[in-house]
Amino acid sequence: MMDVTQPRNAGMDGHEQALDLTRGIAAYVNNPLVTGLARVLAKHPKADIANAFNHKQVACKMWALDKLFEGRGGRFDRIWVLGVWYGILPAMLFNDPRFDIAAVDSIDIDPEVTPVARTLNRDAGDRFQALTADMYALDYAAGAVDLIINTSCEHIADLPAWLALLPRGTNVLLQSNDYFSEPTHINCVASLAAFEAMAALREIRFAGELPTKKYTRFMVIGTV
């Protein structure tokens, strides 16, 4: 007789268990985002997708979507998401029924994340493209985008210098944090006021903060 206290998947490693669980959830909920996560786990086992999609990361992105919809509505022709990592935010935008977006471009300087973003957002088809590029080298004047999103401003050494590359009138959604102890965060801010001062937007439609256990996330939505 089987010992019911013995897990049936005791011989599986953590990745196999996560893949098995995600596939099961995807089959149950029939959700493109969850299906995409299962594809990533299967095709890119070394991708740190668990960190990219942890509850704090998701909460910060849900907050961004809520405030964006409240202030700008849900219709966009083209959005650029910079420093996008594995393409989680584009996937959430496509998955959110409040938003009607013709195209999202996912742009990151790290070539290793680009194929992961494509796998995650495969169901978006031609509406999504992932590019490997330096945000300082983009031709923003020729981009013709409705909105530029950068939720990784703590990773940008000189935020004002980057913002100066954007044509006047460009709509932006920016996030940073006060997580100074993280070594990869090279330009954190101590407060929302400090973030607003650093960004120096011509118009701010929203400014707020979202406390988490280890840090506070700051966000501004407005126009350069």
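Above this note sits the structure.
Residues numbered from 1 in each chain as written. Predicted model: local features only at pLDDT ≥ 70, side-chain atom pairs only at ≥ 80, totals over all residues. Heavy atoms only, no water.

Residue-level account of the pattern of salt bridges, with values.
A full pass over the atoms with the stated rule returns nine salt bridges. Measuring nitrogen to oxygen at the nearest pair gives 3.5 Å for the salt bridge that ties Asp123 to Arg39. Note that Asp123 is positioned in the loop between α6 (114–120) and β3 (128–132) and Arg39 in helix α2 (residues 32–43), a separation of 84 residues in sequence. A salt bridge links Arg205 to Glu203; the nearest nitrogen and oxygen atoms lie 3.7 Å apart. Salt bridges here are not isolated pairs; linked through shared partners, they connect Asp66, Asp96 and Arg98. (Salt bridge = Lys/Arg side-chain N within 4 Å of Asp/Glu carboxyl O. Helix = DSSP H or I, 4+ residues; strand = E, 2+ residues; numbered from the N terminus.)

Could you give me a rundown of the sheet that holds strand β1 (residues 75–82), with the residues and numbers involved?
If you trace the seven strands from one edge of the open sheet to the other, you get β3-β2-β1-β4-β5-β7-β6, paired in mixed fashion. Edge positions in the sheet fall to β3 and β6 (203–211), since each has one partner strand and no second. Taking each pair of neighbouring strands and ignoring which way they run, the sheet shows an average axis angle of 15°. Both strand β4 (residues 147–150) and strand β5 (residues 171–177) contribute to a ladder of three bridges, which runs parallel. Bridge pairing links Ile149 to Leu173 in β5. Most of the contacts of helix α8 (residues 192–199) go to strand β7 (residues 216–223), to which it runs at about 35°, and overall it touches β5, β6 and β7. (Pairing = 2+ DSSP bridges. Axes fitted to C-alpha atoms, helices over the stretch in contact; angles between N-to-C directions. Contact = heavy atoms within 4.5 Å.)

Talk me through the packing of helix α4 (residues 55–72) against helix α5 (residues 88–95); I want residue IDs and the actual numbers.
Close contact between α4 and α5 brings their axes to 11 Å; oriented N to C, the two are set at 50°. It follows that α4 is oblique to α5 by the angle criterion. Crossing hand, α4 versus α5: right-handed. On α5, the residues that touch Val58, Lys61, Met62 and Leu65 of α4 are Ile88, Leu89, Met92 and Leu93. Per-class residue counts for the contact of α4 with α5 are seven nonpolar, no polar and one charged. (Parallel < 35°, antiparallel > 145°, perpendicular 65-115°, else oblique. Left-handed = near helix turned anticlockwise from the far one by under 90°. Nonpolar A, V, L, I, M, F, W, Y, C, P; charged D, E, K, R; others polar.)

Describe the layout of surface pockets, naming the residues involved and giving the relevant values.
The volume enclosed by the largest pocket comes to roughly 930 Å³. Taken together, 36 residues make up the lining of the largest pocket; nearest its centre are Gly83, Trp85, Ser152, Glu154 and His155. Going through the elements one at a time, α3 (49–52), α4, β1, α5 and β2 (100–108) are the ones with two or more residues in the lining of the largest pocket. With three residues, α4 is the single largest residue contributor to the lining of the largest pocket. Looking at the lining of the largest pocket residue by residue, the class counts come to 17 nonpolar, eleven polar and eight charged. Roughly 230 Å³ of internal volume is contained in the second largest pocket. Lining the second largest pocket are Ala18, Leu21, Thr22, Ile25, Val34, Leu37, Leu41, Ile49, Ala50 and Phe53. Looking at the lining of the second largest pocket, the elements that each hand over two or more residues are α1 (14–29), α2 and α3. (1 Å grid on protein atoms, 1.4 Å probe; cavity = no way out; pocket = protein on both sides within 12 Å on 5 of 7 lines; lining within 4 Å. Points joined across faces, edges and corners; volume = space filled by probe spheres on them.)

So what about α4? Which residues, and what values?
Here α4 spans 25 Å end to end across 18 residues, near enough to the 26 Å set by a 1.5 Å rise per residue. Measuring from the backbone nitrogen of Lys56 back to the side-chain oxygen at the start of α4 gives 3.0 Å, which picks out Asn54 as the cap. Following α4 by one or two positions, Gly73 has its phi on the positive side, about 80°. (Expected span 1.5 Å × (residues − 1). Polar contact = N/O pair within 3.5 Å; in protein donor to acceptor, adjacent residues only side chain to side chain.)

Explain the packing of aromatic side chains residue by residue, including any values.
Tallying each qualifying case throughout the model produces eight aromatic pairs. With a centroid separation of 5.8 Å and an interplanar angle of 55°, the aromatic rings of Trp80 and Tyr140 are classed as tilted. Here Tyr140 lies in the loop between β3 and β4 and Trp80 lies in strand β1, a separation of 60 residues in the sequence. The same class applies to Trp80 as to Tyr140, namely buried. Here the aromatic rings of Trp85 and Tyr86 are separated by 5.2 Å at their centres, their planes lie at 20°, and the arrangement is stacked. On the basis of relative accessibility, which here comes to 28%, the residue Trp85 falls in the partly exposed class. With relative accessibility at 9%, the residue Tyr86 sits in the buried group. (Phe/Tyr/Trp six-rings, centres within 6.5 Å; stacked < 30°, edge-to-face > 60°. Buried < 20%, exposed > 50% of the residue type's maximum accessible area, 1.4 Å probe, protein only.)

None of the figures reported here should be taken as evidence of function without further support.
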